[in-house]
Amino acid sequence: MKGTARPGLSRREFLAGASALGGVAIASAAAPMQITTMAPFEKLPPYGNNTLPAGVTPRLVPNVNGLTVNMLEAGVQGRPLALLLHGFPNLAYSWRKVMPAIADAGYYVIAPDCRGYGRTVGWDSSWDADPTPFLTLNMVRDQIALVYALGYRRAELIVGHDQGQLMATYAAIVRPDMFLRLTTVSGQGAAPPSFPFAGTEPTPAYSAAELDAEFAKLNPPRRDYQEYWASKQADDDMRHMPQSMSDFFRAFYYMKGGEFPGNQNLTPLRPMPTAREAAAENARMPEYYVMRRDRGMPATMVTYMPSKEYIANCTWFTQAECDVYGQEYNASGWTGALHNYRHRRTAFPENIAEQRTFSGRTIDVPAQFIAGKQDWGANRIAGGAEGAGKTGYTKFRGVQLVDRAGHWPQEEQPQIVSQQLIDFLKST
């Protein structure tokens, strides 16, 4: 409580104030899994293991909505701000290659390890942790607090990759005065879910349970990867994987990258009227997305590990860079990343309830979508990547497709993505 009492505060007033905050204080004291110190990382090399480009440096920022945030920065603080948010299972590190060019264009660029990830601390890493801190709106508050902590009242651009797009999109919805432009990467942004209007509510053609039952009937039996990542099995699997963490990330990046054979010549999934037809349509995707029912993700990645020749010749994701992800996830664990996956999915009721606060709101800042041409993640909905932005936006500026890129365009083709972001900043 140091620093919280004003001069002359009576004992009665002090106790009343402490009682009001007691839930937070007691929760912190009673949570043995609370990650509050940098101890897990003290024996590690500096963030990035000397693979960061010149001009990109790590920094710790304390007192950010209960967190000490680890972030990367480039450029001169005081210049216009650009904020880059990573997805699952990534880190601030995933933006390292685009940051120098944006900084050279005259911006101060930051990329945090988001709550639950990397070297950012101040969150509960137990599986049964309170989900509230990981809901969308608190994750947006993390970004508002970080911007304020750095002495800014607005960001010229907020960018969100994969699940980071959810934070970025809601930042633009909730605070368009603060986040002036929006770019989503690999995951399309959308307007908030809505309450029924005038007594009408769209009814899905089939339920998730019905689709799962049809997945189980496929040969071989399958299941949806999102349901897997939201399960306790995933947390257990990631604690006891048969391969090294670096090998896991090598196969994971390869399988979702632009060079993987299963990602070539893809066509977007088509909407289907029945669960049976939808299961067969989804089975066109690689086994990362529609997994074999008897395999967890580590076992799936063992099956798709690329050759030693590929690894030796992979210039966009060197072994040293791969090892950074392996090292950081060994230190932080996966539970925080899985909190984000479990509790910010559209299937999580508390998250939907929060988002419905903004029923009827549109995305009213200039916005664009960047996607790899070889990315199934951008093609799992009707119309694929090129169908983005048709509803829910009032100032959508278009879709930028990146050839020879899968789910990681900012790492696979950083020069192209950097230029797309800079052009967007300069033209809006």
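Residues numbered from 1 in each chain as written. Predicted model: local features only at pLDDT ≥ 70, side-chain atom pairs only at ≥ 80, totals over all residues. Heavy atoms only, no water.

Q: Which residues make up the state of the cysteines, and what values go with them?
A: Note on terminology: disulfide describes a covalent bond linking the sulfur atoms of two cysteines. Scanning the entire structure with this criterion turns up 0 disulfides. Among the cysteines around Cys 322, which has no disulfide bond, Cys 314 carries the closest sulfur, lying 8.9 Å off. (Disulfide = S-S within 2.5 Å.)

Q: Before we move on, could you go through the packing of helix α5 (residues 208–217) against helix α9 (residues 275–282) and cite the residues and values that matter?
A: Closest axis-to-axis distance for the α5/α9 pair is 8 Å, and the angle between their directions is 60°. As the angle between them shows, α5 and α9 are arranged oblique. The two elements α5 and α9 meet at a crossing, and its hand is right-handed. Counting all contacts with α5, which are made through Glu 210, Leu 211, Glu 214 and Phe 215, the residues of α9 involved are Ala 275, Arg 276, Ala 278, Ala 279 and Asn 282. Across the contact of α5 with α9, the residue classes tally to 5 nonpolar, 1 polar and 3 charged. (Axes fitted to C-alpha atoms, helices over the stretch in contact; angles between N-to-C directions. Helix = DSSP H or I, 4+ residues; strand = E, 2+ residues; numbered from the N terminus. Parallel < 35°, antiparallel > 145°, perpendicular 65-115°, else oblique. Left-handed = near helix turned anticlockwise from the far one by under 90°. Contact = heavy atoms within 4.5 Å. Nonpolar A, V, L, I, M, F, W, Y, C, P; charged D, E, K, R; others polar.)

Q: I'd like a description of helix α8 (residues 245–255), backed by residues and values.
A: Residue pairs three or four apart in sequence face the same way in an α-helix, which turns once every 3.6 residues. Along α8, 10 of the 11 residues are buried, which leaves the element largely enclosed by surrounding structure. Listed as buried for α8 are Met 245, Ser 246, Phe 248, Phe 249, Arg 250, Ala 251, Phe 252, Tyr 253, Tyr 254 and Met 255. The elements touched by buried residues of α8 are α6 (225–229), α7 (232–239), α10 (297–303), α11 (308–313), α12 (319–332) and α15 (409–412). (Buried < 20%, exposed > 50% of the residue type's maximum accessible area, 1.4 Å probe, protein only.)

Q: Tell me about helix α16 (residues 414–427), and name the residues and values.
A: In a regular helix each residue adds 1.5 Å, so 14 residues correspond to 20 Å; α16 covers 20 Å between its end C-alpha atoms and thus fits that length. Along α16, the residues classified as buried are Pro 414, Val 417, Ser 418, Gln 420, Leu 421, Ile 422, Phe 424 and Leu 425. (Expected span 1.5 Å × (residues − 1).)

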